[in-house]
Amino acid sequence: MSCFLVCSSRAIKKNQDLLPETPLLNLFYDDFWGTPLTHSGSHKSYRPLCVLSFRLNYYLGEFSPWGYHLGNILLHVLVTAIFTKFVRIFLRDDFPTFTAGLLFAAHPVHTEAVAGIVGRADVGACLFFLLALLCYIQYVKYRDHVTSSEAPFLGLLCIVGTAIFTTASMLTKEQGVTVIAVCAVYDLFVHSKVQIANIVSFKWVSDSFANSQMSTFLVWLAVSNASQVVLKGREL
């Protein structure tokens, strides 16, 4: 028997974009609830990749709730694994890394996102957010520490991966765009170790460009923002 909460019912049972006869292209013109973005009653939540995952659930089991909940759980497991890999960069040792991963997996703050079917937007955006950040962390290593002839090519792959995963995060939930700021903070304060005093004096700007730091990031930032403007322009 099908049983959905009110918000899940509207996003799934009443969402025509889940049905096979609805063209896939409609996902990129409708909001999260299946209403055209140009409609005055649209919620303006633009999350086509999340809706696409719901459509896959419908294809596999139509409106059977367990499939949707299973999808959320599997996503949470995957996000936990990637988060554990991420924190290992900073914690390094096995025990604190395992503890951080365990706390992330079991923390009650994730209850609504994992237990609620529509919370998949948060879990999915987090997945691509972490992947984008990991790609960028790897990119700055190749950018500043060239140790082989393959480094420039691998660095290019990483920055392209960052752009792809950032776009995927934004298309899963709008807040995914914040990974751009997080990448900038990591580059400046963690990797490049820029001091607050240098930021106030704008010394970091000349130093960064003199060392070819942040230039590629700023180009990628402009491209990512441009893509977001184009996507959100569909709402107008």
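Residues numbered from 1 in each chain as written. Predicted model: local features only at pLDDT ≥ 70, side-chain atom pairs only at ≥ 80, totals over all residues. Heavy atoms only, no water.

Caption draft 1: Spotlight on the layout of surface pockets. Its boundaries defined by the atoms lining it, the largest pocket holds a volume of some 270 Å³. What lines the largest pocket is a set of 15 residues, among which Leu 49, Cys 50, Ser 53, Leu 75 and Arg 120 lie closest to the centre. When residues of the lining of the largest pocket are traced back to their parent elements, those giving at least two are helix H2 (48–61), helix H3 (65–91) and helix H6 (120–144). Among the elements that take part in the lining of the largest pocket, H2 stands out by supplying seven residues, more than any other. (1 Å grid on protein atoms, 1.4 Å probe; cavity = no way out; pocket = protein on both sides within 12 Å on 5 of 7 lines; lining within 4 Å. Points joined across faces, edges and corners; volume = space filled by probe spheres on them. Helix = DSSP H or I, 4+ residues; strand = E, 2+ residues; numbered from the N terminus.)

Caption draft 2: Just the side chain of Ser 169, in detail. Tracing the backbone shows Ser 169 in helix H7 (residues 151–172). Classification of Ser 169 by relative accessible area gives buried; the value is 0%. Not counting the four nearest positions on each side in its chain, Ser 169 is found in contact with Ala 125, Phe 128, Phe 129 and Gly 176. (Buried < 20%, exposed > 50% of the residue type's maximum accessible area, 1.4 Å probe, protein only. Contact = heavy atoms within 4.5 Å.)

Caption draft 3: A look at a nonpolar patch on the surface. A contiguous nonpolar surface patch, about 510 Å² in accessible area, is contributed by Phe 90, Leu 91, Val 185, Phe 189, Val 190 and Ile 196. Elements represented by at least two residues in the nonpolar patch include exactly H3 and helix H8 (179–191). For the nonpolar patch, the element with the most residues is H8, which contributes three residues. For Phe 90, the position within the fold is in helix H3. The class for Phe 90 is partly exposed, based on a relative accessible area of 41%. (Patch = residues over 30% accessible without salt bridge, like charges linked within 9 Å, V, L, I, M, F, W, Y side chains within 5 Å. Areas by Shrake-Rupley, 256 points an atom, 1.4 Å probe, with all protein chains shown as cover. Salt bridge = Lys/Arg side-chain N within 4 Å of Asp/Glu carboxyl O.)

It is worth stressing that arrangement in space is one thing and function is another; only the former is reported here.
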